[in-house]
Amino acid sequence: MTKKNELQIEFREEAESAEIHTIFESAGLSVQYSRLMLPAEYEFRWDGGTHYLAHHDLVLVDGEMEVVGEKKVPGGDIRDLMTFVPAGQAIKGWAKPANRLNAFTVVCFDPNAMGEELQHEFNGFEARPQIYFQDEDLGATMRKLGRLMADQSAPASRIYAETMGLAAVLEMYRIATRASEPATQSVAGKLSNAQCRLIQGYIEDNLASDIGLDQLASVCGLTRFHFSRAFKASFGVPPYQYVNQRRIEKAKKILATTGLPVSNVAEACGFNSVSQFGRAFRGFVGQTPLAFRKSA
């Protein structure tokens, strides 16, 4: 993925600190999050060679979007609406946002670069652009992805960002194809016992690292897509949740048996920050790391 596959934004007048921008990239997938801090008018364009999916948390005083060569669509209150543009088509437009915190999350994806499983799913995939549509399941995934990208104080782990991005891609595929005859889909199989042992050993050995979905999949010789389905069928939870569970179990042992500072415990267990570690620990254990240490 390259900068060409980012939504390009140009403010019509110089607006200092008008935008907070973060981006995550993986094989064939990029996620862009932008939050507009000021009601600054801007122009936008996207003409990448990938599929484009955007979730809008925007209220526009004025503006319009155009899939190049088709009818222009006016803006307005487009909160929780989404836009999808297939590869090979471009969009452009301009926007004058209302004086509020406006944001949008963009997922660009190329199935041909995301592994054989997704290539198979998207084989013969044909869809028209959809401007400002709604879908409950995809909307929930895109909102979660936006919150993940927006949290600059506790950057998301690579495996979590990849998983959410892939989930959005598959939800979009479902939406784009449900009007046509449904394609035959195979039931996800489980990992073999040998694969389970391999993946468990790899995770335990690398809990301090920012483990990626592609790394886990390669241990089993599978694509990320196939691996994610097979892992959940085998372990009952998605890979990122299992990894976090193992990290918390390791953290509990360190907290109970050493006086290591919490910041060092977080680092040793693969968390990007103390705040991220604290939230995850409370979510799994029901108390803070320090409270657990006192009661251990």
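Check the entry above for the structure.
Keep in mind that this is a model prediction, so the values were computed, not measured.

Colleague: Quick question: what am I supposed to make of the overall build of the chain here?
Modeller: The secondary structure content of the chain amounts to ten helices and eleven strands. The 296 residues of the chain split such that 47% are buried. Long-range contacts, defined as pairs at least 24 residues apart, comprise 75% of the intrachain contacts of the chain with a sequence gap of at least 6. Carbon and sulfur atoms provide 47% of the accessible area of the chain, an area that totals close to 14,400 Å².

Colleague: Looking at this structure, I do not really get the pattern of salt bridges. What am I missing?
Modeller: When the charged atoms of two side chains with opposite charge come close together, those side chains can pair. Taken as a whole, this structure holds 13 salt bridges when the rule is applied. Residue Asp77 pairs with Arg79 through a salt bridge whose shortest N-O separation is 2.6 Å. You can call Arg79 partly exposed: its relative accessible area is 42%. Residues Glu249 and Lys252 are paired through a salt bridge, measuring 3.5 Å at the closest nitrogen-oxygen approach. Of the two residues, Glu249 and Lys252 both sit in helix α7 (residues 239-257), three residues apart, roughly one turn of that helix. Given a relative accessible area of 32%, Glu249 falls into the partly exposed group. Among the ionic contacts, a cluster of salt bridges with common partners joins Asp135, Glu171 and Arg174.

Colleague: What is the right way to look at helix α6 (residues 224-235) in this model?
Modeller: An α-helix turns once per 3.6 residues; consequently, residues spaced three or four apart project the same way. A rise of 1.5 Å per residue sets the reference length of α6, with its twelve residues, at 16 Å; its end C-alpha atoms lie 16 Å apart and thus fit the reference within 8%. Those residues of α6 lying buried are Arg224, Phe225, Phe227, Ser228, Ala230 and Phe231.

Colleague: Would you mind showing me how to read the sheet that holds strand β1 (residues 8-11) here?
Modeller: Picture the strands of a sheet paired through backbone hydrogen bonds; they go either parallel or antiparallel. Taken together, the five strands give an open sheet; going across it, the order is β1-β4-β9-β6-β7, and neighbouring strands pair in antiparallel fashion. The outermost strands of the open sheet, each flanked by one partner alone, are β1 and β7 (73-74). Bridge analysis of β1 against strand β4 (residues 42-46) gives four bridges, and the strand direction is antiparallel. When the bridges of β4 are listed, Phe11 appears paired with Tyr42.

Colleague: Could you clarify how one ought to interpret the packing of aromatic side chains in this entry?
Modeller: For any pair of aromatic rings, the description consists of the separation of the ring centres together with the inter-plane angle of the planes. In the structure shown here, the tally under the stated rule is eleven aromatic pairs. Here the aromatic rings of Phe277 and Phe281 are separated by 5.7 Å at their centres, their planes lie at 65°, and the arrangement is edge-to-face. Pair noted here: Phe277 and Phe281 are both in helix α9 (residues 274-285), with a separation of four residues, about one helical turn. Accessibility assignment for this pair places Phe277 and Phe281 in one class, buried.

Colleague: I keep staring at the environment of Ala103 and nothing clicks. Help me out?
Modeller: Within the element layout of this structure, Ala103 appears in strand β10 (residues 102-109). Taking C-alpha positions, Ala103 is 8.6 Å from Gly146, a pair spaced 43 residues apart along the chain.

Colleague: What exactly am I supposed to notice about unusual backbone geometry here?
Modeller: Comment: phi is negative for the bulk of residues other than glycine, and the bulk of peptide bonds are trans. Not every positive phi belongs to a glycine, and Asp80 is a case in point at roughly 65°. Its place among the elements puts Asp80 in the loop between β7 and β8 (81-85). On the accessibility criterion, Asp80 (28% relative accessible area) is partly exposed. For Tyr132, which is not a glycine, the phi torsion comes out positive at approximately 55°. You can see Tyr132 is positioned in strand β11 (residues 130-133). Exposure remark for Tyr132: the relative accessible area of 16% places this residue in the buried category.

Colleague: What's the story with the packing of helix α3 (residues 158-177) against helix α5 (residues 213-220) in this structure? I'm lost.
Modeller: Each pair of packed helices can be described by the angle between their axes along with the distance between the axes. It is the contact of α3 with α5, at a shortest axis distance of 8 Å, that shows an interaxial angle of 85°. By the criterion of interaxial angle, the relationship of α3 to α5 is roughly perpendicular. Contact residues: Arg158, Ile159, Glu162, Thr163 and Leu166 in α3; Leu213, Asp214, Gln215 and Leu216 in α5. When its residues are assigned to classes, the contact of α3 with α5 shows four nonpolar, two polar and three charged.

Colleague: Any chance you could explain the packing of helix α4 (residues 193-205) against α5 here in plain terms?
Modeller: It is at 9 Å that the axes of α4 and α5 come closest, and there the two elements cross at 140°. One way to sum up the angle between α4 and α5 is to call them oblique. The handedness of the crossing between α4 and α5 is right-handed. Listed contacts from α5 to Gln195, Leu198, Ile199, Tyr202 and Ile203 of α4 are Gln215, Leu216, Val219 and Cys220. Of the residues belonging to the contact of α4 with α5, the class tally is seven nonpolar, two polar and no charged.

Parameters and conventions
Residues numbered from 1 in each chain as written. Predicted model: local features only at pLDDT ≥ 70, side-chain atom pairs only at ≥ 80, totals over all residues. Heavy atoms only, no water. Helix = DSSP H or I, 4+ residues; strand = E, 2+ residues; numbered from the N terminus. Buried < 20%, exposed > 50% of the residue type's maximum accessible area, 1.4 Å probe, protein only. Contact = heavy atoms within 4.5 Å. Areas by Shrake-Rupley, 256 points an atom, 1.4 Å probe, with all protein chains shown as cover. Salt bridge = Lys/Arg side-chain N within 4 Å of Asp/Glu carboxyl O. Expected span 1.5 Å × (residues − 1). Pairing = 2+ DSSP bridges. Phe/Tyr/Trp six-rings, centres within 6.5 Å; stacked < 30°, edge-to-face > 60°. Axes fitted to C-alpha atoms, helices over the stretch in contact; angles between N-to-C directions. Parallel < 35°, antiparallel > 145°, perpendicular 65-115°, else oblique. Nonpolar A, V, L, I, M, F, W, Y, C, P; charged D, E, K, R; others polar. Left-handed = near helix turned anticlockwise from the far one by under 90°.

By themselves, these are just geometric observations and shouldn't be taken as functional.
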